[in-house]
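Residue-level listing of the chains:
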Number of protein chains: 2
Amino acid sequence: MSTEIPNVSASAAAAEEEKAVLLYEPLLQYQQQQQQQLQPSQFNNTSQVAIVGSNLCPIESLDYEVLENDLFKQDWKIQKFQYTFTKWMLCFLIGLVVSIIGFFNNLAIENIAGTKFVITSNMMLARNLITALIAPEAAGSGIPEVKAYLNGVDAPAIFSLRTLFVKIVGSISAVSASLKIGKAGPMVHTGACIAAIMGQGGSKKYGLNWKWLQVFENDRDRRDLVTCGSAAGITAAFRAPVGGVLFALEEMASWWRSALLWRVYFTTAVVAIVLRALIDVCLRGKCGLFGKGGLIMYDVTSANISYHLRDVPPVLVLGVIGGILGSIYNFLLNKVLRLYNFIYKKGIFYKIILACCISIFTSCLLFGLPWLASCRSCPSDTSEPCPTIGRSGNYKKFQCPPGHYNDLASLFFNTNDDAIKNLFSKDTDSEFHRLSMLIFFVTCFVLSIFSYGIVAPAGLFVPVIVTGAAYGRFIGMIIGSHSNLNHGLFAVLGSAALLGGSMRMTVSLGVIILELTNNLLLLPLIMLVLLISKTVADAFNGNIYDLIMKSKGFPYLETHAEPYMRQLTVCDVVTGPLQIFHGIEKVGNIVHVLKTTGHNGFPVVDEPPLSESPILFGLILRAHLITLLKKKAFLQTPAPIGPDAFLQFSSNDFAKKGLGNGDKIEDIELSNEEMEMFIDLHPFTNATPYTVVETMSLAKALILFREVGLRHLLVVPKVSGRIPVVGLLTRHDFMPEHILNLHPSLARGRWKRLRFQFPRLGRLIRGLW
Amino acid sequence: MSTEIPNVSASAAAAEEEKAVLLYEPLLQYQQQQQQQLQPSQFNNTSQVAIVGSNLCPIESLDYEVLENDLFKQDWKIQKFQYTFTKWMLCFLIGLVVSIIGFFNNLAIENIAGTKFVITSNMMLARNLITALIAPEAAGSGIPEVKAYLNGVDAPAIFSLRTLFVKIVGSISAVSASLKIGKAGPMVHTGACIAAIMGQGGSKKYGLNWKWLQVFENDRDRRDLVTCGSAAGITAAFRAPVGGVLFALEEMASWWRSALLWRVYFTTAVVAIVLRALIDVCLRGKCGLFGKGGLIMYDVTSANISYHLRDVPPVLVLGVIGGILGSIYNFLLNKVLRLYNFIYKKGIFYKIILACCISIFTSCLLFGLPWLASCRSCPSDTSEPCPTIGRSGNYKKFQCPPGHYNDLASLFFNTNDDAIKNLFSKDTDSEFHRLSMLIFFVTCFVLSIFSYGIVAPAGLFVPVIVTGAAYGRFIGMIIGSHSNLNHGLFAVLGSAALLGGSMRMTVSLGVIILELTNNLLLLPLIMLVLLISKTVADAFNGNIYDLIMKSKGFPYLETHAEPYMRQLTVCDVVTGPLQIFHGIEKVGNIVHVLKTTGHNGFPVVDEPPLSESPILFGLILRAHLITLLKKKAFLQTPAPIGPDAFLQFSSNDFAKKGLGNGDKIEDIELSNEEMEMFIDLHPFTNATPYTVVETMSLAKALILFREVGLRHLLVVPKVSGRIPVVGLLTRHDFMPEHILNLHPSLARGRWKRLRFQFPRLGRLIRGLW
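Predicted model only: the values in this text are computed from it and were never measured.

Brief notes about the sheet that holds strand β7 (residues 601–606) of chain A
Residue and element names in this part refer to chain A.
- Spatial ordering of the open sheet is given by β5-β7-β8, a layout of three strands whose pairing is mixed. Two strands in the sheet have a free side with no partner beyond their single neighbour: β5 (581–582) and β8 (615–621).
- Across two bridges, β5 lies against β7 in parallel orientation. Bridged to H582 within β7 is V605.
- Packed on one face of the sheet, helix α24 (residues 622–631) meets β5, β7 and β8 and runs near 80° to β8.

Quick look at the structure:
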């Protein structure tokens, strides 16, 4: 079988991005084994070692940390208290800061927006420059990046102070310029950034460095905080605490625990309470127009919504068309992003040109399209002034005579939030003309797609909501009196349909819409629409965030295995020469291997002088090897070291560093003499890594890899006696692209047997290409 | 170290309940290995084998099933379509049936209850007899049983048709008798029962057997359906679709996937829509008093709830006291249940006596206590008639003169639902006397604890809500005009506090209360109360359902490891002699081992005649061995069998049987001659079981065991050459009771080192006891 598969070593490049182990076994393990060989009198000497070891155990949180010696029990209790307290405190701080940022963000948008379109458009251009020049990571929604991080992908610089700053400023200017882009995505990224920066104790680069926050030295704690931060972001953007929790659960998190649910809930509760208090202040004082809606942004409560069986068919139609529109939206957005990426590769000048074009195009449309609509006379029974006085209102005068208003202008010359409020409101069935609504829908649909990819921070939620509201209202107008539902409710359902078709979430979207509109009675219909639109859209393509992640090339690890993974064994995907270290290894060898490969984990093997037969001792990480080299823990002769070797290390040396803060092998200078010395790797090796047997199917290995959250998985042979380890699996080995590259015949059929039947045909086709 | 630990073989009994592997490798694996040794011409002969194999793969669902031969591709597509369609269809059916049962349940309760207390009390007694005699599994809430099932514990007969029937009838009669017990728990169990029975294709016992439903032959699919069923139960009980999803997620499910979220959401959406339609019918027609509230059960919407900073301290106090009360509630309930268990052990007669006592005691209290309250004159500004005419109303006349009402009677002589509605309503601040409220609170608190353990099906949600409402209202009365919140809102917050203190859920309770009361503006306060009461209560004891599960002795596998598990290696807990089979084993040996042990999984080892050195071939299940024995797939000589050996098996033979439907070894009759024959176990063995090395810490092995959802985990030696497998871990080996039994010194301190310091003191203390 293996002879038929060309043994392409394509994973060499892929392996360069291997990540450090999420879960690894502590020094403790090694200590326990050592202790069994030691005399009882030596126990007291190992207490120091135990402390070092005790901070090296990111299997579970410090909650389960145990010190060996009760001399240090007191210390440990303080440490545990500090850990628990700091974690909750951080959640509180994240909630507080995110809610304040969200509040002032909204405040700024509401107060800047509206009057001076051209000026703000220009301002936006200036800010785009900021994004393009200072922090290109801040462009776009940020949700795909955060989602990938929570899956275990450490994209560089996504959580820096610089990104945070640009995100906030850029988002305010872009949204207030009435571009059809949202603030939810940037708020999620902002929340995640704040959480990540706090979680790693500030940013060393800018001199903000809080020692007392540096208790989270493993991936798990940081992921927890980032999850809290992203939930806080949604909560701050939509004032939807439960929706925020569910969004983090359904869309963002790759691993979920009950304890995390509680922590996220705490964070969003803090956001909700702080926002509520700030709005309270606003209602009494002066905050511009913010806070008018209180905690509910688009309140559509009506005392008696009644709908019956005959209202269901229109809703079904709304769901089906919404699903199709949503999948088209995703498809087009993906294509436009690829086009933009192509343009961006040509240089920063093209980036800025593109941003200018989009923003001028937007301005032209906003000012030009209202001319298409005819003036409508003001209704006599309206509760608000007509035409509108001031910025926010349903009846914009534009160029109409007194007593008249322009319905398209009323939609275009508002912030997205106000437009949504107008569209969702119930007593406005006759306010808009059918054609105006269609123009508005098409404009929003197109503009939001083209605006997303430009360099400014941009969310997708609000544009989709406003587009969907226009769509739903348009459908409502067509159905007219055949339904009991008013056009406002159709707009709500239309938003749900388009959100479901584009984002493909169910429960979280249902709750977010519920919290946005405060209309519990509508919930069954919203659930129905979401289910239908998601089902329909899933038949065409994937979730918008997954598409963006894929186009950005993040190695996102899916929960489910591809069908052909059942047909492959782990041996079929293990490629390239495996770098193995001996239990006691020469310094020169280590340096050479670290310099010539990009691997982040190496199997450690003991061979006959040290053991009877070759045995797999464990797995050591690149970061730890670099620490050993840096501290020069070298031996003159290849002999095992005693426990006092630990004295020169502190727990911090083996903690997982913040993003981009790790040392590099190139920075370490060693003399020729030192290169000839040895390191005993045993105490620093994870002695019990998770292993799979070489005959295991890839699908089954993926379950272990994904569920336990590994970064390295060792492959051991079925029959012992040969080398004790045959390969090392990383995230990249499970990527469909990698596998299909190794086994190209799999790509052309879902069945393995096909490649036995058409191998030549396959090569022929490839030859023709 | 091991010399100090007495090697108690306490796991022998525990091992009797070992379960079949959740995840095991298919025959396919074996076929692949075989094929590598076969000539290409033999490929076509294996197609039949592949089909057999294809249904044997419960790693993932049939979604990922692949047939080897494209002759059968068409078949497979149909099968896949049938699988997917059936699964969604079942979710729909579960939703439909549960909502109809829930609806008629409510209808029956509302229409039976109220007037004839004594008669219904007697009726209830008769029904209790049903429960006690026919289906003792139907007693209690059912939530702990379902939760344990979803964790992987197959308690016998929890999902039988008999249980379902008794649950429905018993629940209606018990609730309508105004016992202080709820219907939510029984509804969850009912939903789970319906799901489980449908999932295994009906009940063979009662001749209901649908072949087309029997596509779910593994634990995972059945767990999915049961999760859907339990969510549907909550939704039907509280008309809370999102709350139902979250309840299933937060409280019930042990493993959660994004795909499951969607499926559960679909089910609860069906329930919500069907309920909505039925209520619609009711509002027009005649359904008694049901449906008065529409989809929202305890509507407390008020246009402008305003609360400010000064309202927060009372709410904090409410939360703290609620947490304390909740933990006391759990503590007392647990004690009472233990007492009841003690009484029940004496026989069915005592069970009935106890039920009689409780029901008479309840009746006495309900009729006696209102005499304590004085008559109050009717308010002049009330919207409803005073005193109340008919059954449901806020102003019960009891023994008062005309124009007066008895406030305690108004609370006691109502169903729980009506009492909650009264307590939650906003314009009733002066309706109740402070003393009446206190009496009502104490009575509810005590009665609900004593009523739970009796033989009738009983929920905890509603009693806790009503008790909490009385508590909250009482606090509200004390605070009086110091707060802006009306007493109805205090009652809502009090319910939240007591629910949080007893159930310890956060998000799901918040949403359930939101959906019950339709009051989004109150959400920040509800979240605050829930967080505080849960935090306070967690300091005292555990979640009520966990306490009940523990007292019932379910081996529930927690997500997190105990601290001492970090200190133990897997070797420390592996006990008893390990039963190993050879790759080709004598029938007599297999029968002997199956008859003398209760293990459900056995390692299969190949030894020198078959391989160069002893190697671990895999793991075989008891159920599969029994199938082999039953089909008499025997060989005259110990030689490997060819692929045609599969022809006598169908995929169904190796599917996981429904609960209690498996064959027993005692039922198989074999002649002496057959006992001397051999079975080739290789093709039927899971050739790539998950393994851990013997030096791995127990905590780390638990992560693998728990996250991947295993039932057996093989322990392999660190150094090869010795026997290739040193032990087999099952769920019971991770139970704290088992571990502490093996290592008693761990129980007296959380630190391993303590047992080195006080071993004699420990024994001394135990000696004194």
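What follows picks up the thread again.
Thoughts on the pairing of β8(A)
All names here are of chain A.
- Counting buried positions along β8 yields seven of seven residues, so the element is predominantly enclosed.
- As paired strands, β7 and β8 are joined by six bridges and run antiparallel to one another. Its bridge partner lying in β8, P603 is registered against L619.

Brief notes about the packing of aromatic side chains
- Applying the stated criterion to the full structure yields 28 aromatic pairs over all chains.
- Aromatic side chains B:W88 and B:F266 sit 5.2 Å apart centroid to centroid with 90° between the ring planes, which places their arrangement in the edge-to-face category. Taken as a pair, B:W88 in helix α4 (residues 73–112) and B:F266 in helix α11 (residues 258–284) lie far apart in primary sequence, 178 residues in all.
- Overall, B:F266 belongs to the buried group, its relative accessible area being 19%.
- Look at B:F247 and B:F461: their rings are 5.8 Å apart centre to centre, the planes differ by 65°, and that puts the pair in the edge-to-face class. Placement of the pair is B:F247 in helix α10 (residues 241–252) and B:F461 in helix α17 (residues 461–479), with a sequence separation of 214 residues. For the pair B:F247 and B:F461, a shared accessibility class is recorded, and that class is buried.
- Three or more aromatic residues joined by ring pairs make a cluster, and in this case those are A:Y329, A:F441, A:F445 and A:Y471.
- One residue, A:R706, lies across the ring of A:W255, its end atom 5.3 Å from the ring centre.

Some words on the UniProt feature "transmembrane region" (unreviewed entry) in chain A
- UniProt's feature table lists "transmembrane region" (unreviewed entry) at residues 85–107, 260–279, 315–332, 352–373, 435–454, 460–479, 491–514 and 520–540 of chain A, given in the numbering used throughout.
- The span residues 491–514 of chain A is 88% helical and 0% strand by assignment, and the distance between its end C-alpha atoms comes to 14 Å.

Notes on the nonpolar core
- Residues A:F238, A:F461, A:M503, B:F238, B:F440, B:F461 and B:M503 are the most contacted members of the largest nonpolar core, which totals 296 residues.
- Residues contacting B:F461, with those up to four places away along its chain left out, are B:A184, B:I234, B:F238, B:F247, B:L499, B:M503, B:M505, B:L509 and B:Y545.
- B:Y564, B:V570, B:A701 and B:I739 belong to the second largest nonpolar core, which has 57 residues in total.

So, the pattern of salt bridges
Residues and elements named next belong to chain B.
- All told, the structure shown has 18 salt bridges over all chains when counted by the stated rule.
- One salt bridge connects K147 with E251, and the closest N-O pair in it is separated by 2.8 Å. Residue K147 is found in helix α6 (residues 143–151), and its partner E251 is found in helix α10; the two are separated by 104 residues along the sequence.

So, the state of the cysteines
- Counted by the stated rule, this structure contains two disulfides over all chains.
- Put simply, A:C375 and A:C400 are joined by a disulfide, and their sulfur atoms are 2.0 Å apart. Disulfide A:C375 to A:C400: torsion about the S-S bond roughly -90°, handedness left-handed. Taken together, the residues span a long stretch of sequence, with A:C375 in strand β3 (residues 375–377) and A:C400 in the loop between β3 and β4 (404–406) at a distance of 25 residues.
- Overall, A:C375 belongs to the partly exposed group, its relative accessible area being 34%.
- Looking at B:C364, it has no disulfide partner, and the nearest cysteine sulfur is the one in B:C357, 11 Å off.

Regarding the sheet that holds strand β10 (residues 691–693) of chain A
Residue and element names in this part refer to chain A.
- Strands sit in the order β10-β11-β12 across an open sheet of three strands; the sheet is mixed. Strands at the two margins of the open sheet, each flanked by one partner only, are β10 and β12 (727–729). Within this sheet the neighbouring strands show an average axis-to-axis angle of 35°, counted without direction.
- On top of the sheet, helix α26 (residues 698–708) reaches β10, β11 (713–716) and β12; it is set at about 145° to β11, its chief contact.

A few points about the side chain of B:S533
- Inspection of the secondary structure assignment puts B:S533 in helix α20 (residues 523–538).
- Not counting residues within four places of it along the chain, the set of residues in contact with B:S533 comprises B:G319, B:G322, B:G323, B:A496, B:A497, B:G500 and B:G501.

As for unusual backbone geometry
Residues and elements named next belong to chain A.
- The phi torsion at R239 lies on the positive side, around 50°, for a residue other than glycine.
- Relative to the elements of secondary structure, R239 occurs in the loop between α9 (219–238) and α10 (241–252).
- Judged by its relative accessible area of 8%, R239 is buried.

Here is what the cut-offs are and how they apply
- Residues numbered from 1 in each chain as written.
- Chains lettered and ligands numbered in written order.
- Predicted model: local features only at pLDDT ≥ 70, side-chain atom pairs only at ≥ 80, totals over all residues.
- Heavy atoms only, no water.
- Pairing = 2+ DSSP bridges.
- Helix = DSSP H or I, 4+ residues; strand = E, 2+ residues; numbered from the N terminus.
- Contact = heavy atoms within 4.5 Å.
- Axes fitted to C-alpha atoms, helices over the stretch in contact; angles between N-to-C directions.
- Buried < 20%, exposed > 50% of the residue type's maximum accessible area, 1.4 Å probe, protein only.
- Phe/Tyr/Trp six-rings, centres within 6.5 Å; stacked < 30°, edge-to-face > 60°.
- Lys NZ or Arg CZ within 6 Å of the ring centre and 35° of its normal.
- UniProt positions renumbered as here; feature names shortened; annotations may be inferred.
- Core = buried A, V, L, I, M, F, W, Y, C linked by side-chain atoms within 4.5 Å.
- Salt bridge = Lys/Arg side-chain N within 4 Å of Asp/Glu carboxyl O.
- Disulfide = S-S within 2.5 Å.

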